[in-house]
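What follows is each chain in one-letter form.
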Amino acid sequence: MGVHSTTPFLQHVAWAGFAALAMSCAMACATAIPTYSGASTTPKKRSDLMLGGAARIPVGSLRDFGPADSRYRETAETGGIVPVAAFRHGLTRHRDLGVMVAGTNVRLEVRGETGVREGSTRPAWIWAAAAYGGYVPDRDGDGGGGRFGIDVPVVYGIDFGGLYDVWIGPRLGAQMVVGDFEFEDGRTEAATAGALSLGGVVGVAAGFRRVHAMLEVTVAYEHWFGSHGDQSLRRGGFVVTPGFALRLRL
């Protein structure tokens, strides 16, 4: 069976996996959004499909939920594991456009690369400007809300002959959560909170030709501010976000 005859089969399998994983994302609540950057943008007129998962691991005060705390904190800032599905398409030689579904969040991005040096070892700077949004369900009540934010990773990546990718760089972000959430005593009140984050991301991918396995980790400091009823939501702490995926180039 030749390369041309296997390509349609791979595409059908990939899209079936994308659809199944995207449907399962509606059942996950944690906000774990990887970059899946790689060491280059998607080539012109080619597409990348990525299927995997990510975890949000808050530490310190972001992990502590006392009995007097609102349900908002458990719901909007909780840790957990979510399935992730992403698709990118190369627009030009150094630009691509992508969409990612991670849990209950959808992320849209445009990416570019600069400082490219073509060769068997190909270094480049890859930047992304992304916006995301999603639904934040109340854990036990009838309330809930919405989340929206921006994500700006800038990484330095090196492609080693199409077999290995490595990337590392800073990652900036901001988000807002608004909605109605329960307290432990059952009353529901409005919550409005925002967060700023600053950290870094490092990743590696390995494979051959069309298929690569990707692994990356983001470590960032988040500072939250806002209120739920008369309760302050101001605090900060570190969040670790590991992510993994299989990338299929179509």
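Please refer to the structure higher up on the page.
Residues numbered from 1 in each chain as written. Predicted model: local features only at pLDDT ≥ 70, side-chain atom pairs only at ≥ 80, totals over all residues. Heavy atoms only, no water.

S.K.: How should the overall build of the chain be read in this particular structure?
M.R.: Along its length, the chain carries two helices and eleven strands. Secondary structure elements in the chain, listed N-terminal to C-terminal, are α-β-α-β-β-β-β-β-β-β-β-β-β. If you take every contact in the chain between residues at least 6 apart in sequence, the share linking residues at least 24 apart comes to 65%. Of the roughly 11,600 Å² of accessible surface on the chain, a fraction of 67% belongs to carbon and sulfur atoms. (Helix = DSSP H or I, 4+ residues; strand = E, 2+ residues; numbered from the N terminus. Contact = heavy atoms within 4.5 Å. Areas by Shrake-Rupley, 256 points an atom, 1.4 Å probe, with all protein chains shown as cover.)

S.K.: Where do I start with the packing of aromatic side chains in this structure?
M.R.: Geometrically, a pair of aromatic rings is defined through the distance of the ring centres and the angle of the planes. A full pass over the atoms with the stated rule returns two aromatic pairs. Seen in terms of ring centroids, W125 and Y156 are 5.0 Å apart; in terms of plane orientation they differ by 55°. Their pairing is tilted. Here the residue W125 occupies a position in strand β5 (residues 121-137), and Y156 occupies one in strand β6 (residues 144-160), the gap between them amounting to 31 residues. Accessibility expressed as a relative area gives 42% for W125, which makes it partly exposed. (Phe/Tyr/Trp six-rings, centres within 6.5 Å; stacked < 30°, edge-to-face > 60°. Buried < 20%, exposed > 50% of the residue type's maximum accessible area, 1.4 Å probe, protein only.)

S.K.: It is not clear to me how unusual backbone geometry should be interpreted in this structure. Could you clarify?
M.R.: The bulk of non-glycine residues show a negative phi, and the bulk of peptide bonds are trans. Phi is positive for Y36, which is not a glycine, with a value near 45°. Here Y36 lies in the loop between α1 (3-24) and β1 (47-58). Unlike most non-glycine residues, K45 shows phi in positive territory, near 65°. Residue position: K45 is located in the loop between α1 and β1.

S.K.: What is the right way to look at the nonpolar core in this model?
M.R.: Burial of nonpolar side chains together is a common tendency in soluble globular proteins. Membership of the largest hydrophobic core comes to 20 residues, with the highest contact counts inside it found for Y36, M50, V84, M100, W167 and M214. Contributions of two or more residues to this core are made by β1, β2 (80-92), β3 (95-102), β5 and β8 (188-208). For Y36, the contacting residues outside a window of four places in its chain are M50, G52, G53, V84, A86, R88, M100, M214, E216, G243, F244 and A245. With twelve residues, the next largest nonpolar core counts L62, Y72, A76 and V136 among its residues. (Core = buried A, V, L, I, M, F, W, Y, C linked by side-chain atoms within 4.5 Å.)

S.K.: When you look at a nonpolar patch on the surface in this model, what are you seeing that I'm missing?
M.R.: Residues F160, L163, Y164, V166, V204, F208, L215 and F244 make up a contiguous nonpolar surface patch of roughly 760 Å² in combined accessible area. If you list the elements that add at least two residues to the nonpolar patch, you get β7 (164-182) and β8. You can see V166 is positioned in strand β7. (Patch = residues over 30% accessible without salt bridge, like charges linked within 9 Å, V, L, I, M, F, W, Y side chains within 5 Å. Salt bridge = Lys/Arg side-chain N within 4 Å of Asp/Glu carboxyl O.)

S.K.: When you look at the side chain of E222 in this model, what are you seeing that I'm missing?
M.R.: By the secondary structure assignment, E222 is in strand β9 (residues 211-228). Classification of E222 as buried rests on a relative accessible area of 8%. Here R56 takes part through its side chain, which lies 3.1 Å from a polar atom of the side chain of E222. Setting aside its immediate chain neighbours within four residues, E222 contacts R56, L62, Q175, L196, S197, R235, G236, G237 and V239. (Polar contact = N/O pair within 3.5 Å; in protein donor to acceptor, adjacent residues only side chain to side chain.)

S.K.: Honestly, the pairing of β6 in this entry has me stumped. Any pointers?
M.R.: Each regular strand carries side chains that alternate between the two faces of the sheet. Relative to β6, β5 is paired through 15 bridges, and the arrangement is antiparallel. Bridged to P123 within β6 is I158. Relative to β7, β6 runs antiparallel, the two sharing 15 bridges. Bridged to G157 within β7 is W167. Joining the antiparallel neighbours β6 and β7 is a turn of three residues, in which G161 adopts a positive phi near 60°. (Pairing = 2+ DSSP bridges.)

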